[in-house]
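What follows is each chain in one-letter form.
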Amino acid sequence: MTLKSNLWSCFKRMQVRHGAQHFDFMPPTFVLPTQMAVFEDHLRSRGRTPAGDKDVWILKPAAAYCGRGIFLHRTKREDCESGGDVINDAIREHRGVACRYIDPPFLLDGLKSDIRLYVLVTSWHPFTLYLYEEGLARFATEEYDTSSLDKRCSHLTNYSLNKHSTKFVKNTNDEQDDHGSKWSLTAFKRRLIQELGEERAAQVWRNVDDVVTKALIAAEPAMTEAMRTAVPAAARGEPNRQCFQAFGFDVMLDGDAKPWLLEVNLDPALRTESPLDLKIKSSMLVDLLNVVGMPLPPAASAAAAAATQPSVPMAIVPMQELLAPRPVNAASGLPPPPGSPMDTGDSQRGFGSTLPPPPPMAPAMIADGALMPPPPPPPAASTMPAAAAAAQAVSAAAAAAAAGPVGNESLEAAAAAEALGAAVAKLVDAAFAARGEAERLYGLTDMEKWALHLVNCEFERSKKTRWRRLFPSSRSSEYFQFLDPSHRMHQLPFDV
Amino acid sequence: MMARPAGAQPRSPPNPTLRLSQGPYLTGALPPARSTALVPGDFPRVVFRHAPNHRHDEPWQQRPVRTPPTAPDGSKIGRMAYFNNSKTAANSNVLQVILRDHGYHRVESMEDDWCIFWCAGQIELSELKALKAHQKARDRTNGIAPPPLPPEASYGLPSRLTDRRALSLVGTRRSTSSRAPRR
């Protein structure tokens, strides 16, 4: 998906399958030279229409970056009507994509801009996606003007291109994040509120979330397949915990503040050329490492001992088993009663499994070395009252801590902090108990419990960072329709 | 090697045993990096924090490796190391500074025992298959490339195809042999 043509192919498939009302965040695109004839036909027919001769197309190479090889094209009406050439030699030789230019763009002080968003995918199945709350806004350095398509610094917002412009203004103070040709995303958000009002600006960012989520959902089947090919654990249907992917999404707003996806970078620039760059990129990386979670490496002796131990058989149900048809009683059409010859332990392990009941899970090194976590605590009889009580205790302790010490009474402050810590611990316990209850109700397999546990632990870690999880989230149900239903783990009852 | 910041004195080659107080961009002693298990059942992990006194033009080579964290239960841990195959030093500079601040040494070979692999190219399948429990890879695994769109498939635009036929052309085939070209 980080190749422009592949990104368009993935997007187009989803648009055809689910409708343009859901997938409408990429401008019409032609992959060249494959679609050269269609592109030419299109230019010719569009050029004859009243609006069509104003169409501008932006041509981008297949896999270049930093604005290299990009140029703009506009067809002349007389060529369309006279049957002359509507494409020139540069287009004929082009290898990449031709996208309809987004015109007019959203302008700030007469300048075009785009935003760089940092996106983290920690797992493709279950699909787990985060968006960093901070990013960069990059501005063109010359006023937007479509009368001249040759002014690259008016139409392209690439930093590596504009920094060579005489009008480029470098930001030298990370406290002034709305100064110069590169702003923080936070500053851009502030300005957007000024321009559009709070409600409309909030809708813009909600739409941006949508763009990021749907773009990655479009790539999910291909990525899940690739991970299954490449990673043995993934091939066995186990959740991923060792690979992650950090993307740079380039998004721009049009004149109506509608977000459009320009491209996705798999190796986003982490070069720090200013204090603002450093502040944003280093924070993003620190938070990323905390979300991903870097385990402490075992001592050499422990690692050697583990290597000589026979691998523990997995207490895990393969996905093929999960997806197998559920046995039913031919007469009644209902699942077999517990203990009957047809019973496969569905009620405990999810439907479809024909394996014997798995032994209890314990921390163990499994076949490919992935560390299996201990199972979550058993479900409590009634968890909600416990959670409510713990939450009340947290509130009380937090209020005490917030009141702070009077004079030099540091002991009171310490006691308040301790109470707060204990209350938080109770709350966490209650949350785990509630999760156990959910697992019992949903009848998850051990594999699914494991995935649930990993994703929930990661979510807990992310709460202390500025990585905001887009999926799973409270909006998950909006996206289920676009996900492959055979990938069951997307719909597990994750904490949100 | 990156350009030395203006006004900086020539420095000796990086020394992994360099004390923190000798670090050219660090002032004062810093405590060792920290580890914790945040939630029950989570594995012990390194806690990353924002690097103090870090300058945007500071080359990672000038950043000493900090004392690594200890395990929450006091048990011994292995050597912490990172492997980065980026050809563009500047693009991974800030990452390397952060990792060195948390006790990670740089290793120069994929075969060394690293904890994190920041991959700037496409990762080899054999490398992914050989990952150990404590290893994490920021990988660039490409998806299985979707089959190219048929030349006629320009939906939403004047097309020679109806949507019905277009629908039959896409989404029904998936190539398992062709892979996306490298970037």
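Residues numbered from 1 in each chain as written. Chains lettered and ligands numbered in written order. Predicted model: local features only at pLDDT ≥ 70, side-chain atom pairs only at ≥ 80, totals over all residues.

> Would you mind going over the overall build of chain A in detail, with residue names and values included?
When helices and strands are tallied, chain A shows 17 helices and 14 strands. Relative to its full complement of 496 residues, chain A shows a buried share of 42%. A sequence separation of at least 24 residues applies to 69% of the contacts in chain A between residues at least 6 apart. (Helix = DSSP H or I, 4+ residues; strand = E, 2+ residues; numbered from the N terminus. Buried ≥ 20, exposed ≤ 12 C-beta atoms within 10 Å, placed from the backbone. Contact = placed C-beta atoms within 7 Å.)

> Requested: an account of the pairing of strand β2 (residues 56–61) of chain A, with residues and values cited.
Residues and elements named next belong to chain A. Two strands pair when backbone bridges link them, and β2 and strand β3 (residues 71–74) are joined in this way by four bridges, in the antiparallel orientation. Bridge assignment links Val56 to a residue of β3, and that residue is Arg74. In terms of strand pairing, β2 meets strand β4 (residues 96–100) through five bridges, oriented antiparallel. Within the sheet, the bridge partner assigned to Pro61 lies in β4 and is Gly96. (Pairing = 2+ DSSP bridges.)

> An account of the nonpolar core is requested, with residue identities and associated values reported.
Counting 113 residues, the largest nonpolar core has Val119, Leu120, Val212 and Leu288 of chain A together with Tyr82 and Ile98 of chain B as the members making the most contacts within it. With 13 residues, the top contributor of residues to this core is helix α8 (residues 198–230) of chain A. Once you skip the residues sitting within four places of it in the chain, Val119 of chain A turns out to touch Leu129, Leu131, Val212, Phe247 and Phe249 of chain A. Within the second largest apolar cluster, eleven residues are counted, among which are Met447, Val455, Met489 and Phe494 of chain A. (Core = buried A, V, L, I, M, F, W, Y, C linked by C-beta atoms within 7 Å.)

> Could you give an account of the confidence of the model for chain B, with specific residues and numbers?
All names here are of chain B. With 52% of its residues at a pLDDT of 70 or more, chain B has an overall mean of 65. Here residues 1–30 is modelled with pLDDT under 50, and outside its nearest four sequence neighbours on either side it reaches 33 contacts, counting other chains as well. The low-confidence segment residues 149–183 (pLDDT under 50) makes 62 contacts with residues lying over four places distant or belonging to another chain. Listed scores for the predicted complex are pTM 0.73 and ipTM 0.73. (pLDDT = per-residue confidence, 0-100.)

> Go over unusual backbone geometry with me, naming the residues and quoting the values.
Excluding glycine, most residues fall at negative phi; most peptide bonds, likewise, are trans. Residues and elements named next belong to chain A. The residue after His125, namely Pro126, is reached through a cis peptide bond having omega 5°. Note that Pro126 resides in the loop between β6 (111–124) and β7 (127–132). The peptide bond linking Phe471 to Pro472 adopts the cis configuration, its omega dihedral lying at -5°. Topologically, Pro472 is positioned in the loop between β14 (467–471) and α17 (476–479). For Asp109, which is not glycine, the phi dihedral falls at a positive 55°. Here Asp109 is to be found in the loop between β5 (107–108) and β6. Not every positive phi belongs to a glycine, and Ala257 is a case in point at roughly 65°.

> Explain the pairing of strand β3 (residues 81–84) of chain B to me, and be specific about the residues and the numbers.
Residues and elements named next belong to chain B. Side-chain alternation along β3 places Ala81 and Phe83 on one buried face and Tyr82 and Asn84 on a second face that is also buried. As judged from the three bridges shared by β3 and strand β4 (residues 105–107), these two strands associate in the parallel manner. Within the sheet, the bridge partner assigned to Ala81 lies in β4 and is His105. Strand direction decides the pairing type here: β3 and strand β5 (residues 116–118), joined by three bridges, are parallel. If you follow Phe83 over to β5, its bridge partner there is Phe117.

> Can you lay out the domain arrangement of chain A for me, pointing to particular residues and giving the numbers?
All names here are of chain A. Here chain A is described as being made up of domain 1 (1–22 + 105–305 + 461–496) and domain 2 (28–101). Inter-centroid distance (C-alpha atoms) of domain 1 to domain 2 is 28 Å. Opposite the eleven residues of domain 1 that make contact, domain 2 presents 13 residues. Contributing elements (two or more residues each) for the side of domain 1 that touches domain 2: α1 (4–18) and α6 (159–162). Examining the composition of the side of domain 1 that touches domain 2, we find that three residues originate from one element, α1, more than from any other. Tallied by class, the residues present in the side of domain 1 that touches domain 2 amount to five nonpolar, five polar and one charged. (Domains from an automatic or database assignment. Nonpolar A, V, L, I, M, F, W, Y, C, P; charged D, E, K, R; others polar.)

> Account for the environment of Leu149 of chain A, naming residues and giving values.
All names here are of chain A. Relative to the helices and strands, Leu149 is located in the loop between β8 (136–139) and α5 (152–155). Judged by C-beta crowding, with 17 C-beta atoms within 10 Å, Leu149 ranks as partly exposed. Put simply, Leu149 and His125 are 24 residues apart on the chain and 44 Å apart in space, counted from C-alpha to C-alpha.

> So what's going on with the environment of Ser283 of chain A? Which residues, and what values?
Residue position: Ser283 of chain A is located in helix α10 (residues 275–292). Ser283 of chain A sits in the partly exposed class, given 16 other C-beta atoms within 10 Å. Along the backbone, Ser283 of chain A and Gly69 of chain A are 214 residues apart, and their C-alpha atoms lie at a distance of 32 Å. In this structure, Ser283 of chain A is in contact with Glu134 and Arg466 of chain A together with His50 of chain B, ignoring residues within four places of it in sequence.

> I'd like a rundown of the packing of α10 of chain A against helix α1 (residues 89–101) of chain B, residues and numbers included.
Packed helix pairs are specified by the crossing angle of their axes together with the interaxial distance, meaning the distance between the axes. Two elements in contact, α10 of chain A and α1 of chain B, have axes separated by 10 Å at closest approach and are oriented at 55°. Between α10 of chain A and α1 of chain B, the angle is such that the two are oblique. The hand of the α10 of chain A/α1 of chain B crossing is right-handed. Side by side, α10 of chain A and α1 of chain B meet where Leu278, Lys281, Ser282, Leu285 and Val286 of chain A of the first sit next to Val94, Leu95 and Ile98 of chain B of the second. For the contact of α10 of chain A with α1 of chain B, the class distribution of residues is six nonpolar, one polar and one charged. (Axes fitted to C-alpha atoms, helices over the stretch in contact; angles between N-to-C directions. Parallel < 35°, antiparallel > 145°, perpendicular 65-115°, else oblique. Left-handed = near helix turned anticlockwise from the far one by under 90°.)

> Outline the environment of Arg469 of chain A, supporting the account with residue identities and numerical values.
Residue and element names in this part refer to chain A. Relative to the assigned elements, Arg469 resides in strand β14. C-beta crowding within 10 Å serves as the criterion here: with 23 such atoms nearby, Arg469 is assigned to the buried category. With 303 residues separating them in the primary sequence, Arg469 and Thr166 have C-alpha atoms 40 Å apart. Beyond its immediate sequence surroundings of up to four residues, Arg469 is in contact with Leu129, Tyr130, Phe459 and Ser462.

> I'd like to hear about the sheet that holds strand β1 (residues 29–32) of chain A, residue by residue, with values.
Residue and element names in this part refer to chain A. The strand order β1-β4-β2-β3 describes an open sheet built from four strands, whose pairing is antiparallel. Since the sheet does not close on itself, it has two edges, and those belong to β1 and β3, each with one partner. On average, each strand axis in the sheet is tilted by 25° relative to the strand beside it, whichever way the strands run.

> How would you summarise the packing of helix α7 (residues 185–196) of chain A against α8 of chain A if you had to cite specific residues and measurements?
Residue and element names in this part refer to chain A. In the contact formed by α7 and α8, the axes pass within 7 Å of each other and the chain directions differ by 130°. The angle between α7 and α8 falls in the class oblique. For the pair α7 and α8, the crossing hand works out as right-handed. The residues of α8 that touch α7, namely those facing Lys189, Leu192, Ile193 and Leu196, are Glu198, Arg200, Ala201 and Val204. Within the contact of α7 with α8, the residues separate by chemical class into five nonpolar, no polar and three charged.

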